[in-house]
Structure formats: structure tokens, C-alpha cells
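# Coordinate inspection notes
If you want the building blocks of each chain, they are given just below.
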Amino acid sequence: GDVPVLEYQLFYRDRYAEAAFASCRNVRLPATGGYAIATMCGSYGAELCTAQRWLDFQGNKDNGLAPLQIDFHLLPNGSEPG
């Protein structure tokens, strides 16, 4: 039978992850005026959020949002996954 996927690893170049994070970090929620990233970075909130912490929260199956565990690995620019 089919084996369900319970977890996977995702590799991003650091440059891509930082650019994606930068494009989201100053977005504000109209209802509250607060930063959307504050709710997307777990206990770190908006002030202490980084690209890695943001991705880690999104991939954490215990956050009630991720359908499975996703482990994000940021690679130095120019490198390839081993």
C-alpha cells in the first residue's frame, strides 16, 4: 500500500529565504495594525523573527497549521545540498 509522507526536508539558498522573508516582514494586518510576521514566527514575534525562525515556525507540525513536519535548511549561496 501507499506510505503516507509525515515529514520532509526542504533546501533553500540563503539568498532566496532572506528575500522571501524581507518581502513579508513589513506587511501589516489591517484589523490590528500589527505586523503579520508576528503571528508567523511563533514565540519570537516580529522583533526577533529571522528567515530561519519564520520558516521553522511555518514547517512545525505542532503549530496547528502545517499539515506535516517540514524541515527547512538554508544553504550558503552558491552551494548545493549534499
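Not measured: the values here are computed from a predicted model. (Residues numbered from 1 in each chain as written. Predicted model: local features only at pLDDT ≥ 70, side-chain atom pairs only at ≥ 80, totals over all residues. Heavy atoms only, no water.)

In this section: the UniProt feature "domain: Niemann-Pick C1 N-terminal" (unreviewed entry) in the chain. The UniProt record annotates "domain: Niemann-Pick C1 N-terminal" (unreviewed entry) at residues 5–74. The annotated region residues 5–74 carries 27% helix and 19% strand content, and the separation between its end C-alpha atoms amounts to 22 Å. (UniProt positions renumbered as here; feature names shortened; annotations may be inferred. Helix = DSSP H or I, 4+ residues; strand = E, 2+ residues; numbered from the N terminus.)

Glancing now at helix H2 (residues 51–58). Taken as a whole, H2 has its buried residues at Ala51, Trp54 and Leu55. In a view along the axis of H2, the buried residues occupy a sector of 95°, so they form one face of it. (Buried < 20%, exposed > 50% of the residue type's maximum accessible area, 1.4 Å probe, protein only. Arc of directions from axis to C-beta.)

Per the stated rule, a full pass over the model turns up two salt bridges. Note that glutamate 80 is salt-bridged to arginine 13, the shortest N-O span being 2.6 Å. Residue glutamate 80 is found in the segment after strand S2 (69–75), and its partner arginine 13 is found in strand S1 (residues 7–13); the two are separated by 67 residues along the sequence. Of the charged contacts, one joins lysine 61 and aspartate 62 as a salt bridge, the two residues approaching to 3.6 Å between their closest N and O atoms. Judged by its relative accessible area of 46%, lysine 61 falls in the partly exposed class. With a relative accessible area of 63%, aspartate 62 lands in the exposed category. (Salt bridge = Lys/Arg side-chain N within 4 Å of Asp/Glu carboxyl O.)

Evaluated as defined, the whole model comprises three aromatic pairs. Judged by centre distance (5.0 Å) and plane angle (70°), the ring pair of tyrosine 12 and tyrosine 16 falls under edge-to-face. A relative accessible area of 23% places tyrosine 12 in the partly exposed class. Where tyrosine 12 meets phenylalanine 72, the ring centres are 5.7 Å apart and the plane angle is 50°; that geometry is what we call tilted. Separated by 60 residues along the polypeptide, tyrosine 12 in strand S1 and phenylalanine 72 in strand S2 bring together distant segments of the chain. Among the aromatic residues, those joined into a ring-pair cluster are Tyr12, Tyr16 and Phe72. Directly above the aromatic system of tyrosine 35 lies the positively charged group of arginine 28, at a separation of 4.0 Å from the ring centroid. (Phe/Tyr/Trp six-rings, centres within 6.5 Å; stacked < 30°, edge-to-face > 60°. Lys NZ or Arg CZ within 6 Å of the ring centre and 35° of its normal.)

It is worth spelling out the environment of aspartate 71 at this point. Considering the arrangement of structural elements, one finds aspartate 71 in strand S2. In sequence terms aspartate 71 and proline 30 are 41 residues apart; their C-alpha atoms lie 31 Å from each other.

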